[in-house]
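Results of the structural survey
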Amino acid sequence: ELKVEQNPLFLSMQEGKNYTIYCNYSTTSDRLYWYRQDPGKSLESLFVLLSNGAVKQEGRLMASLDTKARLSTLHITAAVHDLSATYFCAVEVRVQKLVFGQGTRLTINP
Amino acid sequence: EPEVTQTPSHQVTQMGQEVILRCVPISNHLYFYWYRQILGQKVEFLVSFYNNEISEKSEIFDDQFSVERPDGSNFTLKIRSTKLEDSAMYFCASSYSGLAGVYNEQYFGPGTRLTVT
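Everything numeric in this text was worked out from a predicted model, so none of it was measured.

Conventions we followed
Residues numbered from 1 in each chain as written. Chains lettered and ligands numbered in written order. Predicted model: local features only at pLDDT ≥ 70, side-chain atom pairs only at ≥ 80, totals over all residues. Heavy atoms only, no water. Salt bridge = Lys/Arg side-chain N within 4 Å of Asp/Glu carboxyl O. Buried < 20%, exposed > 50% of the residue type's maximum accessible area, 1.4 Å probe, protein only. Contact = heavy atoms within 4.5 Å. Buried area = accessible area lost by both parts, 1.4 Å probe. Polar contact = N/O pair within 3.5 Å; in protein donor to acceptor, adjacent residues only side chain to side chain. Helix = DSSP H or I, 4+ residues; strand = E, 2+ residues; numbered from the N terminus. Nonpolar A, V, L, I, M, F, W, Y, C, P; charged D, E, K, R; others polar. Disulfide = S-S within 2.5 Å.

A word on the pattern of salt bridges
In this structure the tally under the stated criterion is three salt bridges over all chains. A salt bridge links Asp38 of chain A to Arg36 of chain A; the nearest nitrogen and oxygen atoms lie 3.0 Å apart. Using a relative accessible area of 26% as the deciding quantity, one classes Asp38 of chain A as partly exposed. With a shortest N-O distance of 3.2 Å, Glu44 of chain B and Arg36 of chain B are connected by a salt bridge. Classification of Glu44 of chain B by relative accessible area gives partly exposed; the value is 23%.

See below:
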């Protein structure tokens, strides 16, 4: 069974700092998604990574995918308070099922 | 921009009662999904649905659960006899094609918070 593991699970950081969230998965997949979730809210799609070596950037967030290492990273540059949320990676199994990581709860302090 | 909608936003029910959670997927989408998220935990796949039948289901989706597309727009999740452990946020999602080799992003609805007392 596919396992998707994120680390860290909790991250408290100061504004202006950089940090990386890691997402490891246990079986072959070419599609990986990153979502943001605010408390009590739904899942907001951030990035879709469709192939090995894919890199996508939006504002202060950048995501990458290494399918050979079965690893994706979400890098935060010069964090701001508005980025505080829980971030999930999800790996697509076949075409009809997403398997999510446990989530990384990110808190950015002024 | 088209979006997935869900009703109700919050449902409180007593243990043993039946509940129906409703979703309206994006209109030209063909694949539909239910996920659930127990408070503070990860999102878990329940079931996928295509062409009026279940495509795949998880071990969570036991005989107490059923899904239906009663008309051209709604997609429902029924829990026949709710248990305390069914308390969770239930998300509906839809995607356009779901075909192998074709990009298939799932769009999530706002969720229904189910509280079983």
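Brief notes about the interface of chain A and chain B
Contacts between chain A and chain B engage 21 residues on the former and 26 residues on the latter. In total, about 1900 Å² of surface goes out of reach between chain A and chain B, with carbon and sulfur atoms giving 51% of it. Here chain A and chain B share zero salt bridges between them. Where chain A meets chain B, there are four residue pairs in polar contact (both at pLDDT 80 or more). Looking at the side of chain A that touches chain B, the elements that each hand over two or more residues are strand E4 (32–37), strand E5 (43–49), strand E9 (85–93) and strand E10 (97–100) of chain A. Each residue belonging to the side of chain A that touches chain B can be placed in one class, and the counts come to nine nonpolar, seven polar and five charged.

What about the state of the cysteines?
Inspection of the entire model under this criterion finds two disulfides over all chains. In this model Cys23 of chain A forms its disulfide with Cys89 of chain A; the gap between the sulfur atoms is 2.0 Å. Of note, the bridge from Cys23 of chain A to Cys89 of chain A carries an S-S torsion of about 80° and is right-handed in sense. Of this pair, Cys23 of chain A sits in strand E3 (residues 19–25) while Cys89 of chain A sits in strand E9, and the two are 66 residues apart along the sequence. The exposure class assigned to Cys23 of chain A is buried, which follows from its relative accessible area of 0%. Overall, the relative accessible area of 0% leaves Cys89 of chain A in the buried class. The disulfide partner of Cys23 of chain B is Cys92 of chain B, and the gap between their sulfur atoms is 1.9 Å. One quick way to see it: the torsion about the S-S bond of Cys23 of chain B and Cys92 of chain B is about -65°, and its sign makes the bridge left-handed. Taken together, the residues span a long stretch of sequence, with Cys23 of chain B in strand E3 (residues 19–24) and Cys92 of chain B in strand E9 (residues 88–95) at a distance of 69 residues.

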